[in-house]
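Single-letter residue listing:
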Amino acid sequence: MSLVSPPERQLHFTDPTDVKGNADSTLDSPDKDIKSTVRIATVQKDEPVVTRNELWSYYLYSNGDNTLFQSLATAAGYDPAVGPGSSCLSSTASGQCVLPWMGGTKSITSIVLIANGISFAIMTAIFTTIGSAADYGTFGRWLLFTLTVICWAAQYACMALTSPDRWKLAMGLYIVGFVSYGATLVFYAAAFPRLARNTPHSRRIRERYENGQISIEEYEREESLQKNRISNILTVHSNVGFIVTLLLGLALLLPPKTANDPKVDNYTLALDNSYWVLLGIWWFIYQSRPPGPPLPKGESYLTIGWKQIWVALKTYKYLPYTFVYLFASFLLSDGVNTTGALVSICQNDKVSFSFLQNTYLGLSQAITSTLSTLAFWYIQRYWKISTKKMFAVTNVVSILIPLWGMIGIWTDKFGFHNVWEFWAYNVLFGLFQASYYAYAQTMMAELSPPGFDNMFFGLYGLSNRASSIVGPCVVQAIIDKTQDNWKGFPFLFAICTAASLVIWFGVDVTKGRRDAARWAAAQRG
């Protein structure tokens, strides 16, 4: 199969295995000769039915992260109101904290945002350069395995972060861990569409559709619910894993003998990472993904990604809703991720970086996330509500959180100035934002051309993970200029609102799903 179609070649969107009538068969294109009879995704002959072991190993693949970087940087910094040698943790501190940075000083908040920005920039390079290459041969399997091992190693390396003067090492490990962690999530999620379209239930409803027993609308509704089922159960398992790792942390943070050990935070990270290793390894044993097509002759793994993205961009008019969603998701993820980072910075300031307090807050979020995801899925399954409508509900809360933070600009009584507000934020986040990630992923699966999963989930990775280049940079500039963390919330409120409106009124999932199937058939042909 040739990857790049010659410019002269017209794309005839046909597939003999999926001719289902003539309705809606004409592609909205200047070329009236281009027809489309492909309305649903074809199943590749070498894609096996998903086994129970494979699906459960997919659910068990967990994740981890660390928070030592900011706490070590704060311990190493000084209060600019007092001068070098002072402590940011002193009871008489002004609340500001800076570190030497490139011949001057920079606030801890800005340094944390810079680390995030660097991380997202590196992920952007990874997703665009080698993301599409993961669709070829066994490269995708080994890419995910390599990134996972790097992330595990970075987490274990945090055992070396034992004193404030190692904050630069902490920053480096944070970037390595964050980049590898974010990349594993993207390439791991790329397996999701294949699993969803090859479960025994998906195969049965497809057979009924091909035999003319159900309409295309009923088939699409059932297949969409199957995608949502896997995505929501995956989110539940992720949150259950989060609860377990937090409880493991409490096992070290509560007993006086270990709680007073200066290395207790390091031990907690090592224990949590071991939990991820124990559960994550099974996916690499049980996954039955067959090798993808061989890399086209004369192509390189380092260049094919950009070429394939260029092909997709040149044919964007055949995938209008997919690219509109990618753009809107870019903005929305930028807003949501940066809002979370900014709230965490405010939260850490209020609780003085107490690992135990943050663990309790995280536990409240994890428990409510698990319960709410199950509730969202039950409601959706019972009333057969579309993915987009469920996603819209979560978008409303994505807008309200930075709006609440804006209140803190004008008053100290509300707007993330009180400890109770951070409890409320974690509970509210759990109730609505956990499902945001599940439905955002399902939306992408609905709009991705089948067989090009890594390519489009790599692009999605830019919007879901690496998109937050704009947000941290803008918020950092605002904070540096105003010395006020809360002044970043208006910008985040604006981009979350704009992105949500685009998704609500500019993305037709049904048409986008059919466009994606036609595009994939044309590329294979």
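Just above sits the structure.
Basis of the calculations
Residues numbered from 1 in each chain as written. Predicted model: local features only at pLDDT ≥ 70, side-chain atom pairs only at ≥ 80, totals over all residues. Heavy atoms only, no water. Salt bridge = Lys/Arg side-chain N within 4 Å of Asp/Glu carboxyl O. Helix = DSSP H or I, 4+ residues; strand = E, 2+ residues; numbered from the N terminus. Buried < 20%, exposed > 50% of the residue type's maximum accessible area, 1.4 Å probe, protein only. Contact = heavy atoms within 4.5 Å. Core = buried A, V, L, I, M, F, W, Y, C linked by side-chain atoms within 4.5 Å. Phe/Tyr/Trp six-rings, centres within 6.5 Å; stacked < 30°, edge-to-face > 60°. Axes fitted to C-alpha atoms, helices over the stretch in contact; angles between N-to-C directions. Parallel < 35°, antiparallel > 145°, perpendicular 65-115°, else oblique. Nonpolar A, V, L, I, M, F, W, Y, C, P; charged D, E, K, R; others polar. Pairing = 2+ DSSP bridges. Left-handed = near helix turned anticlockwise from the far one by under 90°.

Student: Would you mind showing me how to read the pattern of salt bridges here?
Tutor: Close approach of charged atoms allows side chains of opposite charge to pair. By the definition in use, this model includes 12 salt bridges. Two residues, D480 and K106, come together in a salt bridge whose shortest N-O distance is 3.5 Å. On the criterion of sequence distance, the pair formed by D480 in helix α17 (residues 470-482) and K106 in strand β2 (residues 104-107) is long-range, its members being 374 residues apart. By relative accessible area, which is 28% here, D480 ends up partly exposed. Residue E299 pairs with K307 through a salt bridge whose shortest N-O separation is 3.0 Å. With a relative accessible area of 21%, E299 lands in the partly exposed category. Through salt bridges with shared partners, a single ionic network connects E217, E220, K227, E446, R513 and R514.

Student: Would you mind showing me how to read the side chain of Q433 here?
Tutor: Looking at where Q433 falls in the secondary structure, it is placed in helix α15 (residues 419-447). On the basis of relative accessible area, Q433 is assigned to the buried category, the value being 2%. What Q433 contacts, discounting residues up to four positions off in sequence, is V336, T394, V397, S398, I401 and L428.

Student: Looking at this structure, I do not really get the nonpolar core. What am I missing?
Tutor: If you look at the biggest cluster of nonpolar residues, it comprises 84 residues, and the most contacted ones within it are F187, W283, Y325, F391 and F456. Tallying contributions element by element places helix α5 (residues 167-189) first for this core, with 13 residues. Within the second largest apolar cluster, 19 residues are counted, among which are V343, I345, C346 and L492.

Student: Help me out: how do you make sense of the packing of aromatic side chains in this one?
Tutor: Pairs of aromatic rings are described using the distance from one ring centre to the other and the angle between the two planes. Overall, the coordinates contain 33 aromatic pairs when judged by the stated rule. Taken together, a centroid distance of 4.9 Å and an interplanar angle of 75° make the contact between Y436 and Y437 edge-to-face. Judged by relative accessible area, Y437 falls into the partly exposed class, the value being 28%. Among the aromatic side chains, those forming a connected cluster through ring pairs are Y58, Y61, W142, F145, W152, Y188, W276, W283 and F284.

Student: Hey, could you run me through the packing of α15 against helix α19 (residues 509-524) in this one?
Tutor: Geometrically, a packed helix pair is captured by the angle between its two axes and the distance between the axes. Between α15 and α19, the least distance of the axes is 7 Å, while the angle of their chain directions is 50°. The angle between α15 and α19 places the two elements in the oblique class. Between α15 and α19, the residues in contact are M443, E446 and L447 and V509, G512, R513 and A516, respectively. Tallied by class, residues from the contact of α15 with α19 come to 4 nonpolar, 1 polar and 2 charged.

Student: Can you help me understand the pairing of strand β1 (residues 98-101) in this one?
Tutor: Two faces make up the sheet, and in a regular strand the side chains alternate between them. Sheet topology places β1 next to β2; 4 bridges connect them, and they run antiparallel. Bridge assignment links P100 to a residue of β2, and that residue is T105. Linkage of β1 to β2, two consecutive antiparallel strands, is achieved through a turn of 2 residues, within which M102 is found at a positive phi near 50°.

Student: In this structure, what is going on with the packing of helix α3 (residues 108-130) against α5? I would like to understand it.
Tutor: Interaxial distance between α3 and α5 falls to 9 Å at its minimum, and their mutual angle equals 40°. The angle between α3 and α5 places the two elements in the oblique class. By crossing handedness, the relation of α3 to α5 is classed as right-handed. For the pair α3 and α5, contact is made by I111, I114, A115, N116, I118, S119, F120, I122, M123, I126 and F127 and by W167, M171, Y174, I175, F178, V179, G182, A183, V186 and F187, respectively. Across the contact of α3 with α5, the residue classes tally to 18 nonpolar, 3 polar and no charged.

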